[in-house]
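Chains, contacts and geometry: an overview
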Amino acid sequence: MSDEHASLPETKPGEHPFAPYVRILGRGKRGSRSLNRVEARHAMGMILAGEVEDVQLGAFLMLMRVKEESPEELAGFVDAVRAQANAPEGLTVDIDWSSYAGKRRHAPWFFFSLLLLAEAGLRVFVHGAEGHTPERIYLTSVMEAFGFPVAHDWETAARQLDETNLSYMHLRDVAPRLAEMIELRPILGLRSPVHSLSRLINPLSAPVVMQGISHPPYAGLHQGAGELLGYERVAVIRGEGGEIERNPDNVMKVFRARRDVDGFVTEEDSWPALFPQRHVKPEKIDVTDMARVWRGDLSDEYGEAAVISTAALALYEAGRAESQDAALAQAEALWNERDRQKFDSALAVRG
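A brief look at the structure comes next. (Residues numbered from 1 in each chain as written. Predicted model: local features only at pLDDT ≥ 70, side-chain atom pairs only at ≥ 80, totals over all residues. Heavy atoms only, no water.)

Looking now at the environment of L35. Summarising the element assignment, L35 is placed in the loop between α2 (19-26) and α3 (37-48). Looking at L35, the relative accessible area reads 2%, which means it is buried. Each C-alpha atom of the pair L35 and A107 lies 39 Å from the other, and the pair is 72 residues apart in sequence. In contact with L35, other than residues within four places in its own chain, are Y21, I24, L25, A40, A43, F60, M64, S70, E72 and E73. (Helix = DSSP H or I, 4+ residues; strand = E, 2+ residues; numbered from the N terminus. Buried < 20%, exposed > 50% of the residue type's maximum accessible area, 1.4 Å probe, protein only. Contact = heavy atoms within 4.5 Å.)

Turning to a positive patch on the surface, a few remarks are in order. Together, R104, R105, R278 and K281 give the surface a local cluster of positive charge. Mapped onto the fold, R104 is located in the loop between β1 (95-99) and α6 (110-119). (Patch = residues over 30% accessible without salt bridge, like charges linked within 9 Å, V, L, I, M, F, W, Y side chains within 5 Å. Areas by Shrake-Rupley, 256 points an atom, 1.4 Å probe, with all protein chains shown as cover. Salt bridge = Lys/Arg side-chain N within 4 Å of Asp/Glu carboxyl O. Lys, Arg positive; Asp, Glu negative; His and termini not counted. Charge placed at Lys NZ, Arg CZ, Asp CG, Glu CD.)

Now for the packing of helix α15 (residues 301-317) against helix α16 (residues 324-336). The N-to-C vectors of α15 and α16 enclose an angle of 125°; their axes lie 8 Å apart at closest approach. What the angle tells us is that α15 and α16 run oblique. The crossing of α15 and α16 is right-handed. Across from E304, V307, I308, S309, A311, A312, L315 and Y316 in α15, the residues of α16 making contact are Q324, A327, L328, Q330, A331, E332, L334 and W335. In terms of residue class, the contact of α15 with α16 is made up of eleven nonpolar, three polar and two charged. (Axes fitted to C-alpha atoms, helices over the stretch in contact; angles between N-to-C directions. Parallel < 35°, antiparallel > 145°, perpendicular 65-115°, else oblique. Left-handed = near helix turned anticlockwise from the far one by under 90°. Nonpolar A, V, L, I, M, F, W, Y, C, P; charged D, E, K, R; others polar.)

Attention now goes to the packing of aromatic side chains. Applying the stated criterion to the full structure yields 16 aromatic pairs. With a centroid separation of 5.6 Å and 85° between ring planes, the pair formed by F112 and F146 is classed as edge-to-face. Placement of the pair is F112 in helix α6 and F146 in the loop between α7 (139-145) and α8 (154-164), with a sequence separation of 34 residues. The same class applies to F112 and to F146, which are both buried. Between W294 and W335 the ring centres are 5.7 Å apart and the planes differ by 80°, which places this aromatic pair in the edge-to-face class. (Phe/Tyr/Trp six-rings, centres within 6.5 Å; stacked < 30°, edge-to-face > 60°.)

Approximately 430 Å³ is the volume found for the largest pocket. In terms of lining residues, the largest pocket is bounded by 21 residues, among which R238, G239, E240, G241 and N250 are the most central. Looking at the lining of the largest pocket, the element that brings in the most residues is strand β6 (residues 252-260), giving three residues. Tallied by class, residues from the lining of the largest pocket come to six nonpolar, six polar and nine charged. (1 Å grid on protein atoms, 1.4 Å probe; cavity = no way out; pocket = protein on both sides within 12 Å on 5 of 7 lines; lining within 4 Å. Points joined across faces, edges and corners; volume = space filled by probe spheres on them.)

Here you go:
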């Protein structure tokens, strides 16, 4: 028997093999505990393999939600997902970018940031999910409007990365069972560890992992899990709407975990607000207005600042700029030099 299996919890006679994991979490304040990384990997492996009853899955997710996941549990969950994702060897990217929250208050300006990063020569792989939270606009709908197709398999993703430096794959094409679990949110009424887990999977082992969260207390959890997983650099921000998008009206705090010569370093960084007063949010999110801003037919002070400063953050984290000011200047130059007619044909068909 391997050391890994020797450390797994014992199953009582006659009970389901997954029952010990529900029991570990559900014994109450004094009896319950967190899973270790090996247990977490095994538990998630059973879930992904369809070896868990629906009632067990619901109980497991909600008990984990009440307890709150640990970095060790998230790392074990990611281990299981990465083991079954079947990402091709040799497919390399510079930045892993997750998009799971959707936007409600402002347009998803970060789509333009992604285009600028690709234009700068950075290979960016995006993974995400949509539809699990009502009344939000997700990245895929914007990409479709601009004629940028989603990749449904690794072969297509590889081709897109070679041709454009940018590719998006839906979680259901990376980890189908995980996508099903995210879609349980309207049924359970709460987010579950799956939302943090999905952001951390980094299936192509990018050296820079960008993370957008809604709740700052989760930043340390993402830093800790990134360190356990051995990721070279993880940068976490409280993104606008929970996406990786800088709100230029606010001070932006960056919670980072990075590999150093002496091991891993966790640190905080701050970018100052770009405006003295907050902008009024638009009455509606309009992709047509986004297109007009890209073409230069419409000016949007907030939107353009969000695009530039989000791209600047990624340029800095990827080592393309030595300072915040240099990153902002580089991002602004990329924005000013963009191909304003890039999407005219696609948008003409849509219109």
